[in-house]
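# Architecture and fold: a report
Chain residues, written in single-letter form:
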Amino acid sequence: MSSSLASRRSTGQPDIATATPPQPTRRPSQSRTRSNLSGWGFATPFLVFFLVFLVWPILYGIYMSLTGKSLTGANDSLIGFANYAEALADADMWRSLGNTFYFTVISTVPLVLVALVMAALLNVGLPAQWLWRLSYFAPYLLASTVVSLFFTWMYNPQLGLINDSLSKIGLPKVAWLNDPNVAMWAIVIATLWWTVGFNFLLYLAAMQNIPVQHYEAASLDGAGAWRQFFSITLPQLTPTTVMIVLLQILASMKIFDQVYQMTAGGPGGSTRPVVQYIFETGFTGYRLGYSAAISYIFFGLIVLVSVMQFAVTRRRSA
Amino acid sequence: MATPTLTRPAPRTSTSEGLRRLRKKMTAGKIAALVVAAFIAVLWLIPFAWATATAFKTETDAAAPKVSWMPPSGFTAEAFVKVFQDGNIPLWTWNSFYTSAAITAITLVISALVAYALSRIDFKGKKVLMTVIIASIIIPPPVLIIPLFYQMLALHLIDTSWAIILPQVIHPAMVFVLKKFFDQIPRELEEAAVMDGASRLRIFTQIILPLSRPILAAVAIFVFIGAWNNFLWPFIATNDGALLTLPVGLQTIKSAYGIQYAQNMASALLAALPLILVFLFFQRQIIKGVATTGLAGT
C-alpha cells in the first residue's frame, strides 16, 4: 500500500502543475489503472467468499443434479436429465411443492394484515410504546426450536393450554398437529406469532416517516381518524406494503424449521414442505443428485415467482 | 428509505408532536386502540407466560390431566436445576455466540469493503459486479444445502465450526444497504485526504467507517440475529455434540427428555434468555437495525 501511495504522489504532483484548470475532472490513464486495481482490491475479500461459497455450490449443484451421485456409493457418472424427469413424475415432490405453496398463500395474508393492524394501533400514539413493541416483536428473536417447543406444548391435545381454553368456553377440542386438515393452520398460527413482529416493525417505521402535515391538513378539513387512516396512511404505505408482501412470499416459500420440528412433515405428509423433501432425499435417502435436481426445480419456481412479482409491481408503478 | 431517520431524527419527533395534538381530538378512539393493543399484547405474551409457568412446575404437575396455571404442589426451580446440571445449554449458548460473532465480523468486513468500492471507486467491471451481487439476493439458501454439504466434505470442514461459519457470511442485500449509506456521505469529506495523498484504505478506515457506525451496527444486529437463530445449515453442517449451536442442540432435547414437559420449557426459556436480554438493553438499536436493513434490503 505504501509504495502505491508514493507513486500516486510522484505522478500526482506534476499533473496538478501541468493540468489546465478548466478540466480538473479528467484523469490520466495511470490513475485509471490504479482505481481499477483498488476497486477490485476492495472487492476481493467478498468475491472470494462469494465465488467459493455461493457461485461454486450453485454450479456444482447443477452438475450434481445431472449425476446419480449418492452419499453411500458414489456414482459420479453423468446421467443427463434423468433426475429432473424422475422429479417431475414424483408425486411426493409435487405434494411437497403444493404444501409449500399452500402455506405461502394462507400465511402471507395474516402476516401482512396483523402487522398492519399492530403498527396502526401503536401509531395512534399509545403510552408505553416500548412495552407494545417488546410484546409484539420479542418472539421474532427466538430460535425456531424454542418456538416449536412452546407451541408443541400448547397444542398438546390433552395437556395443552389451547384445547383447555377451548373446552372452557364450550368449544370442541382440536387435534392440532395430528389432524391433516388442521396441522398446516396450526403451523401458520405459530409462524404468525413468531415472525409478524418483523413486518410490524417495517410498517411502524414507514408510518413514522409519513409527514405529519398530511394529517394536519386532513384534520383541518374535518377528516376523522378512520378517514385519515384510509385516505392518508394506507396510500402512503403502498410501497411498503408491496415490499413486505414480496419479502413475505419469498420467506414463506423457504419454510422448513418449524414444520420439521413440530410435525416432522406429518401427519401423513400433509405439512411436509419442499425444503424438507430436499433435505430428506439428500440426507436420509442419500440421493444427492436427485435431491439437487429437486432443489433446482424449486429454485426455478422461486425465480419465476420473483419475476412475476417484479413485473406486477413495475406495471403498477408505471 | 429509512436512512434519513438515522441521520436526522427531526421528522420523527415532529410526527409524535403532531400525534400528540391529534390525540386530544380522539380520546375515545385512543382508548379503543389501547384496548385492542393490550388484547393482542396479552395474546402475544401467553406462550412466554405458559412456558414459564410450566418450567417452574414439577414434572408430575406439568403432566397432570387437569391444566392449571397454579400447580397443586407449588412452584419449583427443579427443572432449571436439572437442565443446568446436564451442562448442554451453556455449551450450546457459547457455540451459538462465537459462531454468530464470527459470521457477523466476517460479513461486516468483506461487505463494507466491497460496498465502499461500489460506492466510491470507478473501476472497470463495476456495473457487472453490482448486477451480479444484486441478482444473487434472490438465491434461497436452502437450495444450496446439498452442494454446500458436499463442498464441506471435500474441504474436510464437516464437524468443525468453520463449516457452520463460512457459508453464512455472504449477504448480498447487506452489501447493497451499506453501499446506499456510503453513497450519502459527502465526497468533500474525502477530498482533503485525497489531496494529502492518503491511500484508499486509509480514507476508508479513518473517514468512511467512523461516519458509518449506525449502519454498521444495524447490519451487525441483523446478521447476528439471523446467524444466532439459523437452524437448517448448522443442523446439516455438524454432528459433533460439542459443536452444536443452541437451536440444533435444543432439537435433540425433545427426544432425549421424552415427555419431560417442565424440562423442555426450562430449556426453551434458558435458550430464549440471551437474545431477550440483549433486546431489553439495545431495544432502540435493534428496532432501528431491523427497520433500516429490512426496508433498505430491497
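Conventions adopted
Residue numbers run consecutively from 1 along every chain, following the written order of its sequence. As they are written, the chains are lettered A onward and the ligands numbered 1 onward, keeping that order. Where totals are concerned, whole chains, interfaces and linings use all residues; where local detail is concerned, this predicted model gives features only for residues with pLDDT of at least 70, and gives and counts side-chain atom pairs only at 80 or more. The side-chain values count all of the structure's non-hydrogen atoms but skip hydrogen atoms and water molecules. Helix and strand labels come from DSSP, where a helix needs a run of H or I of at least four residues and a strand needs a run of E of at least two; each type is numbered from the N terminus. Exposure is judged per residue with a 1.4 Å probe applied to protein chains only, and the accessible area is read against the type maximum: over 50% gives exposed, under 20% gives buried, and values in between give partly exposed. Contacts are assigned to residue pairs that have any heavy atoms within 4.5 Å of one another. Each accessible area is a Shrake-Rupley result for a 1.4 Å probe, and residues are judged covered by the shown protein chains and nothing else. One speaks of a salt bridge when a side-chain nitrogen belonging to Lys or Arg is within 4 Å of a carboxyl oxygen belonging to Asp or Glu. Buried area is a sum: the accessible area each of two parts loses on coming together, probed at 1.4 Å, counted once for each and added. Each polar contact in these results corresponds to two N or O atoms within 3.5 Å; when the atoms are within protein, one needs to be able to donate a hydrogen and the other to accept it, and residues that are neighboring in sequence are counted only if both atoms are side-chain atoms. Note on residue classes: Ala, Val, Leu, Ile, Met, Phe, Trp, Tyr, Cys and Pro are nonpolar, Asp, Glu, Lys and Arg are charged, and everything else, Gly too, is polar. Here, nonpolar core refers to any group of buried Ala, Val, Leu, Ile, Met, Phe, Trp, Tyr and Cys residues whose side-chain atoms link them within 4.5 Å. Classification of ring pairs rests on two measures: the distance between centres of Phe, Tyr or Trp rings, Trp counted by its six-membered ring, which must be within 6.5 Å, and the angle between planes, read as stacked under 30 degrees, edge-to-face over 60 and tilted in between. Placement of a positive charge over a ring is assigned whenever Lys NZ or Arg CZ falls within 6 Å of the ring centre and within 35 degrees of the normal to the ring plane. Think of pLDDT as the predictor's per-residue confidence, scored from 0 to 100. What counts as an axis is a line fitted to C-alpha atoms, over the stretch in contact for a helix, and the angles between N-to-C directions run from 0 to 180 degrees. Orientation labels follow simple angle bins: below 35 degrees gives roughly parallel, above 145 gives roughly antiparallel, 65 to 115 gives roughly perpendicular, and whatever is left gives oblique. Here a crossing is called left-handed whenever its near helix is offset anticlockwise from the far helix by less than a right angle, and right-handed whenever the offset is clockwise.

A count of helices and strands for chain B gives 17 helices and 0 strands. A total of 298 residues make up chain B; the buried ones form 55% of that total. For chain B, restricting intrachain contacts to residue pairs at least 6 apart in sequence, the fraction spanning at least 24 positions comes to 72%. Looking at chain B as shown, the accessible area adds up to about 13,300 Å², and 69% of this sits on carbon and sulfur atoms.

For chain A, the count of helices and strands is 13 helices and 0 strands. Counting from the amino terminus, helix and strand elements in chain A follow one another as α-α-α-α-α-α-α-α-α-α-α-α-α. The burial tally for chain A puts 52% of its 318 residues in the buried class. Put simply, 64% of the contacts in chain A that link residues at least 6 apart link residues at least 24 apart. Accessible area of chain A: about 14,700 Å², with a carbon and sulfur share of 67%.

What follows is about the pattern of salt bridges. Overall, the coordinates contain 7 salt bridges over all chains when judged by the stated rule. Notably, a salt bridge pairs Lys 168 of chain A with Asp 164 of chain A, separated by 3.0 Å at the nearest N-O pair. On the criterion of helical spacing, the pair formed by Lys 168 of chain A and Asp 164 of chain A is a turn pair, its members being 4 residues apart in helix α7 (residues 161-168). Judged by relative accessible area, which is 15%, Asp 164 of chain A ranks as buried. In this structure, Glu 190 of chain B and Arg 120 of chain B form a salt bridge, with 2.4 Å as the shortest nitrogen-oxygen distance. Here the residue Glu 190 of chain B occupies a position in helix α11 (residues 188-195), and Arg 120 of chain B occupies one in helix α6 (residues 88-120), the gap between them amounting to 70 residues. On the accessibility criterion, Arg 120 of chain B (5% relative accessible area) is buried.

Time to look at the interface of chain A and chain B. The interface is formed by 105 residues belonging to chain A together with 112 residues belonging to chain B. On the chain A side of the contact with chain B, Phe 42, Phe 46 and Trp 153 of chain A bury the most area, a combined 9% of that side's loss. Here chain A and chain B share 0 salt bridges between them. Along the contact surface separating chain A from chain B lie 12 residue pairs in polar contact (both at pLDDT 80 or more). For the side of chain A that touches chain B, the element with the highest residue contribution is helix α2 (residues 29-65) of chain A, accounting for 22 residues. Looking at the side of chain A that touches chain B residue by residue, the classes come out as 71 nonpolar, 24 polar and 10 charged.

Here the amide bond leading from Gly 266 of chain A into Pro 267 of chain A is cis, since omega sits at -10°, within 30 degrees of zero. Assignment of secondary structure puts Pro 267 of chain A in the loop between α11 (257-262) and α12 (274-284). The backbone of Ala 264 of chain A shows a phi angle near 55°, a positive value even though the residue is not glycine. Mapped onto the elements of the fold, Ala 264 of chain A is located in the loop between α11 and α12. Residue class for Ala 264 of chain A comes out partly exposed when judged on its relative accessible area of 47%. A positive phi angle, close to 65°, is found at Asp 159 of chain B, a residue other than glycine. Along the chain, the position of Asp 159 of chain B falls in the loop between α8 (145-154) and α9 (161-165).

In summary, soluble globular proteins display a tendency toward joint burial of nonpolar side chains. Within the largest apolar cluster, 188 residues are counted, with the highest numbers of intra-cluster contacts made by Leu 142 and Phe 150 of chain A together with Phe 182 of chain B. Considering each element in turn, this core owes the most residues, 14 residues, to helix α8 (residues 183-208) of chain A. Formed by 7 residues, the second largest nonpolar core is a distinct cluster that contains Phe 103, Ile 106, Val 188 and Val 259 of chain A.

By the definition in use, this model includes 41 aromatic pairs over all chains. Centre to centre, the rings of Tyr 136 of chain A and Phe 200 of chain A are 5.3 Å apart; their planes meet at 80°, and the pair counts as edge-to-face. Linking Tyr 136 of chain A in helix α5 (residues 129-137) with Phe 200 of chain A in helix α8, this pair joins segments that are 64 residues apart in sequence. For the residue pair Tyr 136 of chain A and Phe 200 of chain A, the accessibility class agrees, reading buried in each case. By the ring-pair criterion, three or more aromatic residues cluster together here, those being Phe 256, Tyr 260, Phe 279 and Phe 283 of chain A together with Phe 149, Phe 231 and Phe 235 of chain B. The lysine or arginine in question, Arg 287 of chain A, covers the ring of Tyr 290 of chain A, its NZ or CZ lying 4.3 Å from the ring centre.

In this section: the side chain of Ser 136 of chain B. For Ser 136 of chain B, the location among the structural elements is in the loop between α7 (126-135) and α8. A polar side-chain atom of Ser 136 of chain B sits 2.7 Å from the main-chain carbonyl oxygen of Ile 133 of chain B. Leave out the neighbours within four places in its chain, and Ser 136 of chain B touches Phe 50 and Leu 54 of chain A together with Pro 172 of chain B.

On to the confidence of the model for chain B, then. Residues and elements named next belong to chain B. With 89% of its residues at a pLDDT of at least 70, chain B reaches an overall mean of 85. Across chain B, the element-wise mean pLDDT spans from 39 in helix α1 (residues 3-7) up to 95 in α9. Low pLDDT (under 50) marks residues 1-12, which in the prediction has 15 contacts with non-local residues, meaning those over four places away or in another chain. For this predicted complex, the interface confidence score (ipTM) comes to 0.85, while the overall pTM stands at 0.86.

Here α7 of chain A has its buried residues at Leu 161, Asn 163, Asp 164 and Leu 166 of chain A. As for α7 of chain A, its buried residues are in contact with α6 (144-155) of chain A together with α3 (27-55) of chain B. Positive phi appears at Gly 170 of chain A, one or two residues downstream of α7 of chain A, with a value of about 80°.

Residue and element names in this part refer to chain B. Here helix α5 (residues 78-85) crosses helix α16 (residues 261-281) at 70°, and the two axes come no closer than 8 Å. The orientation of α5 relative to α16 falls into the category roughly perpendicular. For the element pair α5 and α16, the recorded crossing hand is right-handed. Facing α5, whose interface residues are Ala 79, Phe 80, Lys 82, Val 83 and Phe 84, α16 presents Ala 262, Gln 263, Ala 266, Ser 267, Leu 269 and Leu 270. Taken together, the residues that form the contact of α5 with α16 break down as 8 nonpolar, 2 polar and 1 charged.

Before going further, it helps to spend a moment on the confidence of the model for chain A. Overall, the prediction assigns chain A a mean pLDDT of 85, with 89% of residues at 70 or greater. Confidence scores differ between elements of chain A, with helix α1 (residues 2-18) of chain A showing the lowest mean pLDDT of 40 and helix α4 (residues 91-123) of chain A the highest of 95.

By the secondary structure assignment, Ala 51 of chain B is in helix α3. For Ala 51 of chain B, a relative accessible area of 1% puts it in the buried group. Residues Ala 51 of chain B and Asn 229 of chain B, spaced 178 residues apart in sequence, show a C-alpha to C-alpha distance of 19 Å. Excluding residues that lie within four positions of it along the chain, Ala 51 of chain B makes contacts with Phe 150 of chain A together with Met 265 and Leu 269 of chain B.

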